[in-house]
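Breakdown of the fold
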Amino acid sequence: MPHPHPVPIHPLVSPWGRFGLYSFFIDAPEPAVVDTGIAGSPAEGMAPALAKLGRRIEDVRWILLTHGHIDHVGGAHALWELTGRKARVVLHEADAPMLRSRRAHVQEYAAGRGRYLGDPEGEAKVAAAAEAVISGEMEPHVLVRGGETLSLGGDVTVSVHAIPGHTPGSVAYALEGGHVFTGDAVQVHGAANGFPGYADPVAYRRSLTYLRDEVGPRHLYLGHPYRRADGTPYGVALDADEAREALSQSIEAERRVGAAAHDCLAEGLARTPSPYSPFASVAARLGYTGDPTREPSPFFTSLHGYRTAAPESESTHA
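Described in the following lines is the structure provided in the data block. (Residues numbered from 1 in each chain as written. Predicted model: local features only at pLDDT ≥ 70, side-chain atom pairs only at ≥ 80, totals over all residues. Heavy atoms only, no water.)

**Examining the pattern of salt bridges**
Across all of its chains, the model carries 14 salt bridges by this definition. Put simply, R55 and D27 hold a salt bridge, and the shortest N to O gap is 2.9 Å. In this pair, R55 is assigned in the loop between α1 (41-52) and β4 (62-64) and D27 in the loop between β2 (19-26) and β3 (32-34), connecting sequence segments 28 residues apart. Residue classification places R55 among the partly exposed residues on the basis of a relative accessible area of 36%. For D27, a relative accessible area of 17% corresponds to the buried category. One salt bridge in this structure joins R255 and E252, with 2.7 Å as the shortest N-O distance. In this pair, R255 and E252 both sit in helix α9 (residues 240-267), three residues apart, roughly one turn of the helix. A network of salt bridges, in which partner residues are shared, links E108, R113 and E295. (Salt bridge = Lys/Arg side-chain N within 4 Å of Asp/Glu carboxyl O. Helix = DSSP H or I, 4+ residues; strand = E, 2+ residues; numbered from the N terminus. Buried < 20%, exposed > 50% of the residue type's maximum accessible area, 1.4 Å probe, protein only.)

Below, the structure written as C-alpha cells:
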C-alpha cells in the first residue's frame, strides 16, 4: 500500500562543468540527502535550496550515497560537517575506498580507462580533480551490501538494493510507494558523452533486469539527465512508464554494445591511429562519433569491462 502521507522529495542540482549532478532531499522525520555533488555543492547549492523550502541543512541526518564516483561523494564530508557531524554517511562496502581515499580514484583510472587514453598527464589530472572536488576523506558510518532497511524516523524506511555494474558498489535506495534512487546505475544511452558507462557489463545487465522486473520503480530518480536513443534527455524524476522505458532501453543499449564488443574481441585487438583504438570497430559498428577521451570516458570504461570479462583465451594485441 502507498504510504498514507507521502514523503516529499526535492531534486537539488549541483552544476559541474558539462555535467549537472542531481542530489535529492527526502523530507522525512530524519531528513536524508541522496548523493552530494562536489565539494562546494552543500554550502553553495544545497543549503540555499533547502532554505527556500523552509528546511535547514543542519537538520539532515542521513547522507545516502549511491556509489563512489567523485561527483556523487565529493560533497559528503562537507555536508557531514554542515550537519554538525550528526548525519550518518551510508555507502556500499565495495565503493567505500572511494570515500576513504582520493588516491583510490587515481587507481581506478589507471586500472581502467587510463590504459587506453594515452595521456601521460592522465593520472595527475585525476589526482588534481579528486583533490579539488572531494571535500574530505572519511570512513562511511554505515557500510551496506544490499538487503538492509534504514529508518528515516517515524514509519519512513528505505530499503537498500545492490545493483552493481556502473561501479562494484552501486546501490538503489527505495522508499515505500515505489520511489527508487539509482544514481548512475541506469545509463540508458549515456549522458553528456553519448555512451553508456559501466565497469562490469555482466553485473550491469543483471542489475537492470532486477530493477525492471523485481523492484519495479513507480518513480525513478537519476543522477544525471540520461539520453534516449535519439539523443533527447530524460528528466531526473521519471514516472512508472518512463522508468520502465529507461530500464528497457538501457538493457537494449548494453545488448548492442555487448554484441559489438564481442565481435571486436573475437577478431583480436590491435592498436591503430583511431582515437577509439583498440576498439575502433565497436565505434564504427555503433555509429559512435563522440570524443572518447573526454572525462569520464565511458567508451573506454565500458569496453574495458567487456575485455576484462572476456575469456583469457581470446586474442588481444593491444
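**Concerning the pairing of strand β9 (residues 171-175)**
Among the five residues of β9, five are classified as buried, and the element is accordingly described as predominantly covered. Sheet analysis places strand β8 (residues 157-162) next to β9, joined by five bridges and oriented antiparallel. Bridge pairing in β9 places S159 opposite A174. With three bridges connecting them, β9 and strand β10 (residues 179-183) associate as antiparallel partners. Bridging from a neighbouring strand, L175 pairs with H179 of β10. Counting the residues between successive antiparallel strands, the hairpin from β9 to β10 contains three residues, one of them, G177, with a positive phi of roughly 100 degrees. (Pairing = 2+ DSSP bridges.)

**With respect to unusual backbone geometry**
Most peptide bonds take the trans form, and the phi angle of most residues other than glycine is negative. Here the amide bond leading from S277 into P278 is cis, since omega sits at 5 degrees, within 30 degrees of zero. Inspection of the secondary structure puts P278 in the loop between β13 (269-270) and α10 (280-286). Of note, the bond from E295 into P296 is cis; its omega dihedral lies within 30 degrees of zero at 10 degrees. Along the polypeptide, P296 turns up in the loop between α10 and α11 (298-309).

Keep in mind these numbers describe shape, not what the thing actually does.
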